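# Structural overview
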Amino acid sequence: MTSYLLAGGGTAGHVNPLLAVADALRERDADATLLVLGTAEGLESRLVPERGYEMLIVDKVPFPRRPNRQALAFPARFRRAVAQVREHIRRHGVDVVVGFGGYASAPAYVAARREGVPFVVHEANAKPGLANVLGARRASAVGVAFAGTPLRSGEVVGMPLRREVIALDRAASRAEAAAHFGLDAERPVLLVFGGSLGAQRLNDAFRDSWQDVLAAGWQLLHVTGERSDLADPGVEGYTMRRYVDRMDLAFALANLIVSRSGAATVSEISALGIPALYVPYSVGNGEQRLNASSAVAAGAAELLDDATFDGDAVRRIVVPLLGDDERIARMAAAAENAGTRTGTENVIALIDRALVTA
């Protein structure tokens, strides 16, 4: 019986692929021991127990970014975190560690190496985090979601995705999706969303331009985010939702998408072969722009600038595209080959290889 320790968390971008792999491993071998390592503060502390997995805790120890009191305390705090993980590995007889980035991964990689346990790294973003950069140097195998990700020995495996996305038949689900959102299955739909929390920039732009989308003969499905105060105009052909718990149906209905370009978002859209216009979030280290680059290079997507994205940009760039059937058809054809639905299986193949060669 194999014992797996999956490490990662902090954000949905780390937790969701971890859970996708855990689910597939559990489905393959019900007798396997599946443990998840995370911090008490991260999103994983809620999502992992809800999914039925045992949660092991490690101290949250951020890498210092500047010389200060926190930096002075870092070596001792990190050694303590590594010791915590080593104890977990010994107590549970862990056979392999799989890291997905985040605060839990760095001490997990060091602990695995010191305990002589193979470990695998998966990086979701095109611009890797520091924990995975360090872990990749000694890992048994390294998987990346996007081509061009600068990690040592990185193999493009794609993103482990939610089961409902992997199994989605967009054409077969379109009628159900249209009924779910109160739209017409026979007319094209522009899907706009900004991630789990929405995006103020996108909301403001379509507050000023939704009439132009409808005038172009398209319908609009707009997911604003739960914190949005955007008023619903309540007109036919425009469905506004604060939150959608059936994004699979939203994807089934979408003929074109305008969204941010988080790693999971790009991976899901690419896996489903949907053309997209990405507006990368400008805050951060630029990973959102890089996440979209492979889809853009394939001709499946285009990039729009966050700083200048407003109602006028929608009228100047998006609306003309809505009227260009041939261009959308070309993007859709390119999108068919831009992503993969086998990310989970590909990561598990890396894990199996690490166990065999250990």
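Data block above holds the structure.
Because the structure is predicted, anything quoted here is derived from the model rather than measured.

### Considering a positive patch on the surface
A contiguous patch of positive charge on the surface is contributed by R113, R114, R137, R138 and R152. Tracing the backbone shows R113 in helix α4 (residues 105-115).

### Some words on helix α8 (residues 200-207)
All of the buried residues along α8 are L202, N203, A205 and F206. Buried residues of α8 fall within an arc of 165° about the axis and therefore sit on the same side. Those residues of α8 that are buried are in contact with β8 (189-193), α9 (210-215), β9 (219-223), β11 (256-259) and α14 (311-322).

### Some thoughts on the pairing of strand β5 (residues 119-123)
Along β5, 5 of the 5 residues are buried, which leaves the element largely enclosed by surrounding structure. Side-chain alternation along β5 places F119, V121 and E123 on one buried face and V120 and H122 on a second face that is also buried. Note: strand β4 (residues 96-99) against β5, 3 bridges, orientation parallel. Counted as the bridge partner of G99 is V121 from β5. Taken together, β4, α4 and β5 form a β-α-β motif whose crossover is right-handed. As paired elements, β5 and strand β6 (residues 141-144) share 4 bridges and run parallel to each other.

### Describing the pattern of salt bridges
Evaluation of the coordinates by the stated rule reveals 20 salt bridges. Its salt-bridge partner being R46, residue E50 comes within 3.7 Å of it at the nearest N-O pair. Of this pair, E50 and R46 both sit in helix α2 (residues 44-50), 4 residues apart, roughly one helical turn. Given a relative accessible area of 46%, R46 falls into the partly exposed group. Note that D59 and R80 form a salt bridge whose closest N and O atoms lie 2.0 Å from each other. Taken together, the positions of D59 in the loop between β3 (54-57) and α3 (69-92) and R80 in helix α3 put the pair 21 residues apart, joining distant regions of the chain.

Reading guide: rules and limits
Residues numbered from 1 in each chain as written. Predicted model: local features only at pLDDT ≥ 70, side-chain atom pairs only at ≥ 80, totals over all residues. Heavy atoms only, no water. Patch = residues over 30% accessible without salt bridge, like charges linked within 9 Å, V, L, I, M, F, W, Y side chains within 5 Å. Areas by Shrake-Rupley, 256 points an atom, 1.4 Å probe, with all protein chains shown as cover. Salt bridge = Lys/Arg side-chain N within 4 Å of Asp/Glu carboxyl O. Lys, Arg positive; Asp, Glu negative; His and termini not counted. Charge placed at Lys NZ, Arg CZ, Asp CG, Glu CD. Helix = DSSP H or I, 4+ residues; strand = E, 2+ residues; numbered from the N terminus. Buried < 20%, exposed > 50% of the residue type's maximum accessible area, 1.4 Å probe, protein only. Arc of directions from axis to C-beta. Contact = heavy atoms within 4.5 Å. Pairing = 2+ DSSP bridges. Right-handed = clockwise from strand over helix to strand, strands pointing away.

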